[in-house]
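Listed below are the residues making up each chain.
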Amino acid sequence: MERSSVKCKIGPSILNSDLSQLLAESQRLLDNGADYLHLDVMDGHFVPNLTFGHPVVKCLRKKIPHAFFETHMMVQDPQKWIEPMADAGVSQYTFHIEPVIKDVLPLCRKVREAGMKVGLALKPGTGIEAVRQYINHADMILIMTVEPGFGGQKFMADMMPKVQWLRHNYPLLDIEVDGGVGLNTITACAEAGANMIVAGTAIIGACDQKAVIASLRETVERSIHKCNVKPVSH
Ligand SMILES: O=C(CO)[C@H](O)[C@H](O)COP(=O)(O)O
Ligand SMILES: [Fe+2]
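Keep in mind it's a predicted model, so treat the numbers as computed, not measured. (Residues numbered from 1 in each chain as written. Chains lettered and ligands numbered in written order. Predicted model: local features only at pLDDT ≥ 70, side-chain atom pairs only at ≥ 80, totals over all residues. Heavy atoms only, no water.)

## A word on the site of ligand 1
In the vicinity of ligand 1 there are 20 residues, among which Gly-149, Gly-152, Asp-178, Gly-200 and Thr-201 approach most closely. Contact distances for ligand 1 include 3.2 Å between an oxygen atom and a side-chain N or O atom of His-72. Asp-178 is positioned with one of its side-chain polar atoms (N or O) 2.7 Å from an oxygen atom of ligand 1. Compared with its free state, where it exposes 360 Å², ligand 1 has 98% of that area covered by protein. Elements with a contribution of two residues or more to the shell around ligand 1: strand E2 (36-42), strand E3 (68-74) and strand E8 (196-199). Residue composition of the shell around ligand 1, grouped by class: eight nonpolar, 10 polar and two charged. (Near = heavy atom within 4 Å. Polar contact = N/O pair within 3.5 Å; in protein donor to acceptor, adjacent residues only side chain to side chain. Areas by Shrake-Rupley, 256 points an atom, 1.4 Å probe, with all protein chains shown as cover. Helix = DSSP H or I, 4+ residues; strand = E, 2+ residues; numbered from the N terminus. Nonpolar A, V, L, I, M, F, W, Y, C, P; charged D, E, K, R; others polar.)

Below, the structure is given as structure tokens:
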């Protein structure tokens, strides 16, 4: 019998999709096997790019009432958008700790009080020690595998030790990777211990989205299963 363990979840990023067709693109991803949608919110300050905010998320939520929505808040002032995003129907509010390093704990509480799950995100240059004391106050840790701001960048394999450290010390924690993740890089993520997989370009640009999602899932599930099989004792 398998011990209890984390679940593999695939969350496509719609960042590089045809945003004029946001509803159709989102629905297609869910129909093709996505477990959740990863919605990249950028403010032009924390990152040098702009996407969309809570009004767009709210419209999408009206048309897709049941899917799990994670907003990846690449914003300078994450506190400002907690209530508007909760009101828009967001399921998980994942914010970067870098601009709010002294206020992470109260922000975690506010996100929970607003009825959302808490995700804490780390840029590539942020060490794991910056988040250690907050892990028990979060539902998920996001290890960025590119500099936040743009889709289609190269995966940073040197972020994997952070994932390994988290998995080793927190066997049941949800650990997400985001940036440059696809069929060529998923094995590194899975073996390091990531179980929540964000992939943008690799899924959006695929001829067969369903096959790519299934393949990403299979690789992660294989790793989870391997770690779960108890060694035979003699
Ligand atoms: O947060 C992000 C960028 O800041 C995106 O989620 C990420 O880049 C996904 O796109 P891709 O898989 O193409 O890298
Ligand atoms: Fe993201």
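From this point, the discussion proceeds with the structure in view.
## Concerning helix H1 (residues 22-31)
Looking at H1, one finds that the buried residues are Leu-22, Glu-25, Ser-26, Leu-29 and Leu-30. Along the axis of H1, the buried residues cluster in a sector spanning 135°; they form a single face. Among the structural elements, strand E1 (9-12), E2, helix H2 (54-63), helix H7 (201-204) and helix H8 (209-228) are those in contact with the buried residues of H1. Of the residues flanking the end of H1, it is Gly-33, one or two places downstream, whose phi is positive at about 110°. (Buried < 20%, exposed > 50% of the residue type's maximum accessible area, 1.4 Å probe, protein only. Arc of directions from axis to C-beta. Contact = heavy atoms within 4.5 Å.)

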